[in-house]
Amino acid sequence: MPMPPVDLSGEANWTEFDAPSLVGASLRFVSGEPEGDRYRVRYYRNADGALRARIWFGPETEGPPGHAHGGSMAAVMDEVLGLAAWAAGYPIVVGNLNVDFRNLLPLQQVVTVESEILSTSGRKVMVRGRICKGDTVYAEADCLCITIPEQAAAELAGKH
Ligand SMILES: CC(C)(COP(=O)(O)OP(=O)(O)OC[C@H]1O[C@@H](n2cnc3c(N)ncnc32)[C@H](O)[C@@H]1OP(=O)(O)O)[C@@H](O)C(=O)NCCC(=O)NCCS
Ligand SMILES: CCCCCCCC(=O)O
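The rules behind these values
Throughout, residues of each chain are indexed from 1 in the direction in which the sequence is written. Lettering of chains starts at A and numbering of ligands starts at 1, both following the order in which they are written. Only residues with pLDDT of 70 or above have their local features reported here, since the model is predicted, and side-chain atom pairs are shown and tallied only from 80 upward, although totals for entire chains, interfaces and linings are computed over all residues. As a convention, hydrogens and water are excluded, and side-chain values are obtained from all of the structure's heavy atoms. As used here, the term nonpolar core means buried Ala, Val, Leu, Ile, Met, Phe, Trp, Tyr and Cys residues forming a set that is joined through side-chain atoms within 4.5 Å. Relative accessibility thresholds used throughout: buried, under 20% of the residue-type maximum; exposed, over 50%; partly exposed, between the two (1.4 Å probe, protein chains only). Here a strand is any run of E in DSSP of at least two residues, a helix any run of H or I of at least four, and the numbering for each starts at the N terminus. Contact criterion: two residues are considered in contact whenever any of their non-hydrogen atoms come within 4.5 Å of each other. What makes two strands pair is DSSP finding at least two bridges between them. For helices, the fitted line uses only the C-alpha atoms of the stretch in contact; every axis is such a line through C-alpha atoms, and the angle between N-to-C directions lies from 0 to 180 degrees. UniProt positions are given in the numbering used here, feature names are shortened, and annotations may be inferred rather than shown by experiment.

### Things to note about the nonpolar core
Argument step 1. Formed by 39 residues in total, the largest nonpolar core has its most connected members in Tyr43, Ile55, Phe57, Val76 and Ile131.
Argument step 2. When residues of this core are traced back to their parent elements, those giving at least two are helix H1 (19–23), strand E2 (39–45), strand E3 (51–57), helix H3 (70–87), strand E5 (110–121), strand E6 (124–133) and strand E7 (136–147).
Argument step 3. Among the elements that take part in this core, H3 stands out by supplying 11 residues, more than any other.
Argument step 4. Ignoring sequence-local partners within four residues, the contact set of Ile131 consists of Phe57, Met73, Val76, Met77, Leu105, Val111, Thr112, Val113, Thr136, Val137, Tyr138 and Ala139.

### What about the sheet that holds strand E1 (residues 15–16)?
Argument step 1. Sheet architecture is open: 7 strands sit in the order E1-E2-E3-E5-E6-E7-E4, paired in antiparallel fashion. Each edge of the sheet is formed by a strand with only one pairing partner; in this case those strands are E1 and strand E4 (92–101).
Argument step 2. Taken strand by strand, H3 contacts E2, E3, E4, E5, E6 and E7, and its axis lies near 135° from that of E4.

### Some remarks on the UniProt feature "domain: Thioesterase" (unreviewed entry) in the protein
Argument step 1. UniProt annotation of "domain: Thioesterase" (unreviewed entry) refers to residues 66–137 when read in the numbering used here.
Argument step 2. Structurally, residues 66–137 comprises 25% helix and 47% strand, and the distance from its first C-alpha atom to its last is 17 Å.

Next comes the structure, spelled out in structure tokens:
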């Protein structure tokens, strides 16, 4: 039986962010089934322009009984923090991702992924993020993104 609809609405001062128009439609692993039983995702920019995501972890992301698989949280961090760099104007791929799992994440609830660009140096863009709900932090991550040449970026984003 399909899961009921979930409320992925953002905060009042957020604006919807159209990821496929920026990076193409390839990000299906996390974002590809908006009515499926794995993840349901909606992207936003907050008032400062930083990327935010509302994400529902469905039953197909299960690891420990009733809770999200650590890899499912890592996959979300990979996509959201990489996309955060693109959204900030840096065409990148992810070179390194470190995830700290802080609390077990119960399935079938909507959580927020926050991101911020920490620094840039040469081709390196450091992005930090966390998966949270209210005061509870489920995971935190540091993501090293590496900028790629314009032609490669255009090909990745399906704009060649
Ligand atoms: C990331 C990648 C583009 C880097 O390769 P490259 O273009 O040849 O670049 P380099 O190896 O010269 O690295 C560029 C810089 O980033 C640093 N860097 C690259 N990968 C790194 C890593 N995993 N950890 C730390 N530093 C790293 C290098 O040390 C170098 O730093 P420097 O400029 O100070 O010398 C390449 O390894 C790659 O494509 N990896 C696969 C990415 C991927 O599949 N990501 C998941 C999907 S998005
Ligand atoms: C072409 C857009 C790339 C955005 C980040 C994807 C992260 C990953 O696949 O590891």
